[in-house]
2 protein chains.
Amino acid sequence: MTPIKYAIQDYYPEDLAHCFGCGRNNQLGHGFRTGWSGDETLTIYKPEPEHTAIPGFVYGGLLASLIDCHGTGSASLALHRKQGNEPEDSIEPPRFVTASLEVKYLKPTPQNVELLTIGQVEEVHSKKFNVHTEVYAHEDLVAKGLVVAAVMPEGFGSS
Amino acid sequence: MTPIKYAIQDYYPEDLAHCFGCGRNNQLGHGFRTGWSGDETLTIYKPEPEHTAIPGFVYGGLLASLIDCHGTGSASLALHRKQGNEPEDSIEPPRFVTASLEVKYLKPTPQNVELLTIGQVEEVHSKKFNVHTEVYAHEDLVAKGLVVAAVMPEGFGSS
């Protein structure tokens, strides 16, 4: 697969780029990167050998993580585009949080395969987006996901 | 918190104990351990410093992983008990896979806190269990989850 050239996570604000799933400032994380592929969003990731469920097959929690960050990244791409921006413009995009996550595991996911994670973004309202995701291993649809992503509130995390 | 003495994952079959989330034979994994607490199931886990969403708060994908393995572990505990066994009997328990996973993120989850993950198991039919889960940080309910867990089919993963 052609790697993703312009990933939204490459442009997240510096102090919001520590996510274990997708933060470029988290050296121990997965480093998920999400970009446009036409009108769909795309994250490509090959799980590490330790990301096993049972030997030979990928851990479901890793797939949930992939769908999670793909979801918030896809929502960020979509709102950024709506505001007239593309990742390569190097303008800080909006940052999203996950309100809810659903994953359906359809088939055992083989190890040692690049997983194609493809998203379709649906605007619910100006600060809330649904991201419908399919994960493919080779030609096989192995999991489906739905992320409800909300624009990160000002002062998120402060009580 | 008192650590869990008898965790179901300690007794999973040797060749099915490599899960990145909860397998005792996965040296790089999270090592989630799930046991009974009365009629509820309990997993206690303190995320690692790298498991961040944004600095100071826990990554949602880690919470999804925790709920996932807590779910399959809880279902295993429940079916094992139904068959007349407890983890400390050292009889191999049934192994489950996740059919689907739902997580609702209710509050930002602070880092550096032991998370209490509490499950209630509902039998749907003899090979399928719903596990309703709540995750607490201190007294705060930070996430709710639902895992639909199915008995691992014979020859799971072989095509």
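Reading the values: the criteria
Residues numbered from 1 in each chain as written. Chains lettered and ligands numbered in written order. Predicted model: local features only at pLDDT ≥ 70, side-chain atom pairs only at ≥ 80, totals over all residues. Heavy atoms only, no water. Least-squares fit on C-alpha atoms with pLDDT ≥ 70 in both. Contact = heavy atoms within 4.5 Å. Pairing = 2+ DSSP bridges. Helix = DSSP H or I, 4+ residues; strand = E, 2+ residues; numbered from the N terminus. Axes fitted to C-alpha atoms, helices over the stretch in contact; angles between N-to-C directions. UniProt positions renumbered as here; feature names shortened; annotations may be inferred. Parallel < 35°, antiparallel > 145°, perpendicular 65-115°, else oblique. Left-handed = near helix turned anticlockwise from the far one by under 90°. Nonpolar A, V, L, I, M, F, W, Y, C, P; charged D, E, K, R; others polar. Buried area = accessible area lost by both parts, 1.4 Å probe. Salt bridge = Lys/Arg side-chain N within 4 Å of Asp/Glu carboxyl O. Expected span 1.5 Å × (residues − 1). Buried < 20%, exposed > 50% of the residue type's maximum accessible area, 1.4 Å probe, protein only.

Concerning the relation of the copies chain A and chain B
One copy of the chain maps onto the other through a rotation about an axis plus a displacement along that axis.
Then comes step 1: Expressed as a screw transformation, the operator carrying chain A onto chain B has a rotation angle of 180° and an axial translation of 0.0 Å, and the superposed copies differ by an RMSD of 0.0 Å. Taken together, the rotation and translation describe the operation of a two-fold axis. Within chain A, Glu 102 of chain A has its C-alpha nearest the rotation axis, a separation of 2.2 Å.
Then comes step 2: A high fraction, 100%, of the interface residues of chain A reappear at the interface in chain B, so the copies pair face to face through one surface.

What about the sheet that holds strand S2 (residues 40-45) of chain B?
Sheet strands associate in pairs through backbone hydrogen bonding, adopting either a parallel or an antiparallel arrangement.
Then comes step 1: In space, the 12 strands of this open sheet follow the order S1(A)-S2(A)-S4(A)-S5(A)-S6(A)-S3(A)-S3(B)-S6(B)-S5(B)-S4(B)-S2(B)-S1(B), with antiparallel pairing throughout. Every other strand in the sheet has two partners, leaving strand S1 (34-37) of chain A together with strand S1 (34-37) of chain B as the edge strands with one partner each. With direction set aside, neighbouring strand axes in the sheet form an average angle of 25°.
Then comes step 2: One ladder, built from 5 bridges, connects strand S3 (residues 96-105) of chain A with strand S3 (residues 96-105) of chain B; its direction is antiparallel. By the bridge assignment for S3 of chain B, Leu 101 of chain A is matched with Val 103 of chain B.
Then comes step 3: Packed on one face of the sheet, helix H1 (residues 60-82) of chain A meets S1, strand S2 (40-45), S3, strand S4 (115-125), strand S5 (128-137) and strand S6 (140-151) of chain A together with S3 of chain B and runs near 135° to S3 of chain A.
Then comes step 4: Across the sheet, helix H1 (residues 60-82) of chain B touches S3 of chain A together with S1, S2, S3, strand S4 (115-125), strand S5 (128-137) and strand S6 (140-151) of chain B, and the angle it forms with S3 of chain B is around 135°.

Structural notes on the UniProt feature "domain: Thioesterase" (unreviewed entry) in chain A
Then comes step 1: Per the UniProt record, the feature "domain: Thioesterase" (unreviewed entry) sits at residues 56-142 of chain A.
Then comes step 2: Counted over residues 56-142 of chain A, helix gives 26% and strand 39%. Its end C-alpha atoms are 14 Å apart.

With respect to the packing of H1 of chain A against H1 of chain B
Then comes step 1: The N-to-C vectors of H1 of chain A and H1 of chain B enclose an angle of 150°; their axes lie 8 Å apart at closest approach. Here H1 of chain A lies roughly antiparallel to H1 of chain B, going by the angle between them. In the crossing of H1 of chain A with H1 of chain B, the sense of the turn from one axis to the other is right-handed. Packed against H1 of chain A, whose contacting residues are Gly 60, Gly 61, Ala 64, Ser 65 and Asp 68 of chain A, the element H1 of chain B presents Gly 60, Gly 61, Ala 64, Ser 65 and Asp 68 of chain B at the interface.
Then comes step 2: Of the residues in the contact of H1 of chain A with H1 of chain B, the class split is 2 nonpolar, 6 polar and 2 charged.

Description of the interface of chain A and chain B
Then comes step 1: Taken together, the contact pairs 36 residues of chain A with 36 residues of chain B.
Then comes step 2: Summed over both partners, the interface of chain A with chain B buries about 2,800 Å², with 65% contributed by carbon and sulfur atoms.
Then comes step 3: The three residues of chain A that bury the most area against chain B are Phe 20, Ile 54 and Tyr 59 of chain A, which together make up 22% of that side's buried surface.
Then comes step 4: Counting across the interface, chain A meets chain B through 0 salt bridges.
Then comes step 5: When contributions to the side of chain A that touches chain B are tallied by element, the ones reaching two or more residues are H1 and S3 of chain A.
Then comes step 6: Of the residues that constitute the side of chain A that touches chain B, the class distribution is 19 nonpolar, 11 polar and 6 charged.

Section: the environment of Gly 84 of chain B
Then comes step 1: Within the secondary structure, Gly 84 of chain B sits in the loop between H1 and S3.
Then comes step 2: Residues Gly 84 of chain B and Leu 101 of chain B lie 17 residues apart in sequence; the distance between their C-alpha atoms is 28 Å.

Some points on H1 of chain A
Residues and elements named next belong to chain A.
Then comes step 1: For H1, with 23 residues, the first-to-last C-alpha span of 33 Å sits near the 33 Å given by 1.5 Å per residue.
Then comes step 2: Among the 23 residues of H1, 21 are classified as buried, and the element is accordingly described as predominantly covered.
Then comes step 3: Positive backbone phi, at 95°, marks Gly 84, one or two positions downstream of H1.

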